[in-house]
Amino acid sequence: MSLTREFLYELHRHFTGEIRTDARECDHVANGMLFDRLGEVLGHRNVLQRLDAAAHGHDPAATQNLAETVSARNALLKLDGVVVVGVQLGGWIAAEMAVKSTERLSALVLGNPVGIKVGDRETRDIVDIWSLMPDDLLARSYFNPETGKRDYKSLPEDESLRAARNREATARFCWSPYMHNPKLKGRLHRINIPTLFLWGTADRIIGDGYGRAYCAMIPGAQFQPIERAGHYPHIEQIGRAHV
């Protein structure tokens, strides 16, 4: 799948109020960050980056280290006006980037992100995905579970390898503490750029209350529910996941 031109048009319009007609498509990774260069698509020198988190999943402090790596690369390449779009685990990494520095960022878009602890010590904010059977995981993740079904035996080797590496990276990033950085919540107030939360309302991995609480911790952030979508709104409702 790919981000549609309509998504890019609307994303730019949402943050700038301008209408542009020179958008190009970019690839996206379903379970990672949406990170690739789009030149002038989102405004003067704006850049949308793509990074495969699985390639960086071998460090105990991987989320913070990956955020620092991307930020350092942006500085080295002198990239300004970067629009960072992160989904689930990618949203966590995007937030880690933004709390460190927004100097080279222009906007942040987070789709059903993880990364913080909202409830108390005895309250589980996020379902334990490692305890679920595959069919149950699909049912909790998607509005329409058929959308997420994949026949891994018939996939090309590179695609099945990518899926396995994504799964491995998720475990390495998120095993303990489960799906969060205990320090991130207290740093979210540092984010001082326009931030948009896109939230699939049928997500039964993470509840709506978690998303709204997360959003409320970032000054001025906006929360946009996406109906008929679960944990992956950018997949199930890609035509509506723009504002």
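You'll find the structure just up there.
All figures in this text were calculated on a predicted structure; none of them were measured in a lab. (Residues numbered from 1 in each chain as written. Predicted model: local features only at pLDDT ≥ 70, side-chain atom pairs only at ≥ 80, totals over all residues. Heavy atoms only, no water.)

### Re the packing of aromatic side chains
Tallied over the full model, the rule gives 5 aromatic pairs. Taken together, the ring pairs in this structure connect Phe197, Tyr210 and Tyr214 into an aromatic cluster. Taking the ring centre of Tyr178 as reference, the NZ or CZ of Arg124 above it sits at 5.9 Å. (Phe/Tyr/Trp six-rings, centres within 6.5 Å; stacked < 30°, edge-to-face > 60°. Lys NZ or Arg CZ within 6 Å of the ring centre and 35° of its normal.)

### Focus on the environment of Ala164
Following the sequence through the fold, Ala164 ends up in helix α5 (residues 157-174). The partly exposed category is assigned to Ala164, whose relative accessible area is 44%. Taking the C-alpha atoms as reference, Ala164 lies 9.8 Å from Tyr152; in sequence the two are 12 residues apart. (Helix = DSSP H or I, 4+ residues; strand = E, 2+ residues; numbered from the N terminus. Buried < 20%, exposed > 50% of the residue type's maximum accessible area, 1.4 Å probe, protein only.)

### Quick look at the packing of helix α3 (residues 89-100) against α5
Packing of α3 against α5 leaves a shortest axis separation of 11 Å and a crossing angle of 50°. Put simply, α3 runs oblique to α5. The hand of the α3/α5 crossing is left-handed. Taking contact as the criterion, the partners of Leu89, Trp92 and Ile93 in α3 are, on α5, Thr170, Phe173 and Cys174. Looking at the contact of α3 with α5 residue by residue, the classes come out as 5 nonpolar, 1 polar and no charged. (Axes fitted to C-alpha atoms, helices over the stretch in contact; angles between N-to-C directions. Parallel < 35°, antiparallel > 145°, perpendicular 65-115°, else oblique. Left-handed = near helix turned anticlockwise from the far one by under 90°. Contact = heavy atoms within 4.5 Å. Nonpolar A, V, L, I, M, F, W, Y, C, P; charged D, E, K, R; others polar.)

### Things to note about the side chain of Ser141
Take Ser141: it is sitting in helix α4 (residues 134-141). Residue Ser141 is classed as buried on the basis of its relative accessible area, which comes to 3%.

### Focus on the pairing of strand β8 (residues 222-226)
Of the strand pairs in this sheet, strand β7 (residues 195-200) and β8 are connected by 5 bridges, and their pairing is parallel. Looking across to β8, one finds that Trp199 is bridged to Pro225. Between the parallel elements β7 and β8, the chain passes through helix α6 (residues 208-216) in a crossover that is right-handed. (Pairing = 2+ DSSP bridges. Right-handed = clockwise from strand over helix to strand, strands pointing away.)

### With respect to the pattern of salt bridges
Evaluated as defined, the whole model comprises 6 salt bridges. The closest approach of N and O atoms between Arg121 and Glu122, which form a salt bridge, is 2.7 Å. Like Glu122, Arg121 is exposed. (Salt bridge = Lys/Arg side-chain N within 4 Å of Asp/Glu carboxyl O.)

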